[in-house]
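Commentary on secondary and tertiary structure
Take a look at the letters that make up each chain.
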Amino acid sequence: MRALIAAGYRVFGVNPKQAARNREVMGNSGAKSDKADAHALADMVRTRRHQLREIAADSDEAEAIKVVARAHQTMIWERTRHMLRP
C-alpha cells in the first residue's frame, strides 16, 4: 500500500463488511474469487468513491520517526545478537 501511495496512486480504504455488502448488491454468486473481488472493488471505487476514505501518504515527520524506529530496532537486534554470541 505504501509503495502504491509513494508511486502516486490514489489508495482507498475499504472495510471488509462494505466490500461484502457491495458484493451482495452487485448480485455476484456467493463464491469468492480474486478476479470477481477485484472487479467488485474497482466498481465500488468508481461508483461510491464519496463513501470511501482515501489513504493519505505519511508526513515527512512520520517518515523520519519510522526511520529512527527502524534504526533503533536494528541496534537492539545487533546488541542482542552480540551478547548471545559464544
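Within each chain, residues carry numbers counting from 1 in the order of the written sequence. It should be noted that, the model being predicted, local features are given only for residues of pLDDT at least 70 and side-chain atom pairs only at 80 or more, the latter also being counted only at that level, while totals for whole chains, interfaces and linings use all residues. To get the side-chain values, all heavy atoms of the structure are used, and hydrogens and water are removed first.

**Describing the side chain of D37**
Helix and strand assignments come from DSSP, with helices taken as H or I runs of at least 4 residues and strands as E runs of at least 2, each series counted from the N terminus. Topologically, D37 is positioned in helix α3 (residues 34-48). Each residue gets one of three labels from its accessible area relative to the maximum for its type: buried under 20%, exposed over 50%, partly exposed in between, using a 1.4 Å probe on protein chains only. Since its relative accessible area comes to 16%, D37 is described here as buried. If near-sequence neighbours (up to four positions away) are discounted, D37 is found in contact with R23 and K32. Any pair of residues with heavy atoms lying within 4.5 Å of one another is described as a contacting pair.

**Comments concerning the packing of helix α2 (residues 16-26) against α3**
Every axis corresponds to a line fitted to the C-alpha atoms, with the helix fit spanning only the stretch in contact, and the corresponding angles, defined between N-to-C directions, vary from 0 to 180 degrees. The geometry of α2 relative to α3 is characterised by a closest axis approach of 10 Å and an angle of 95 degrees between their N-to-C directions. When the axis of α2 is compared with that of α3, the two are roughly perpendicular. Between α2, through Q18, A19, N22, R23, V25 and M26, and α3, the contact on the second element is made entirely by D37, A40, L41, D43, M44 and R48. Note on residue classes: Ala, Val, Leu, Ile, Met, Phe, Trp, Tyr, Cys and Pro are nonpolar, Asp, Glu, Lys and Arg are charged, and everything else, Gly too, is polar. Grouping the amino acids of the contact of α2 with α3 by side-chain chemistry returns six nonpolar, two polar and four charged. Our angle categories are set so that under 35 degrees counts as roughly parallel, over 145 as roughly antiparallel, 65 to 115 as roughly perpendicular, and the remainder as oblique.

**Details of α2**
Of the positions making up α2, those classed as buried are A19, N22 and R23. All buried residues of α2 fall inside an arc of 105 degrees around its axis, so they share one side. Away from its buried face, by an angle of more than 90 degrees, α2 presents the exposed residues K17, E24 and V25. The inward-facing, buried residues of α2 abut α3. At the N-terminal boundary of α2, the capping side chain belongs to N15, with an oxygen 2.7 Å from the backbone nitrogen of K17. This arc is taken over the directions from the axis of the helix to the C-beta atoms. Polar contact is defined as a pair of N or O atoms within 3.5 Å, subject to the rule that within protein one atom must be able to donate a hydrogen and the other to accept it, and that residues adjacent in sequence are counted only when both atoms are side-chain atoms.

Take it as geometry only, folks, not as evidence of what the structure does.
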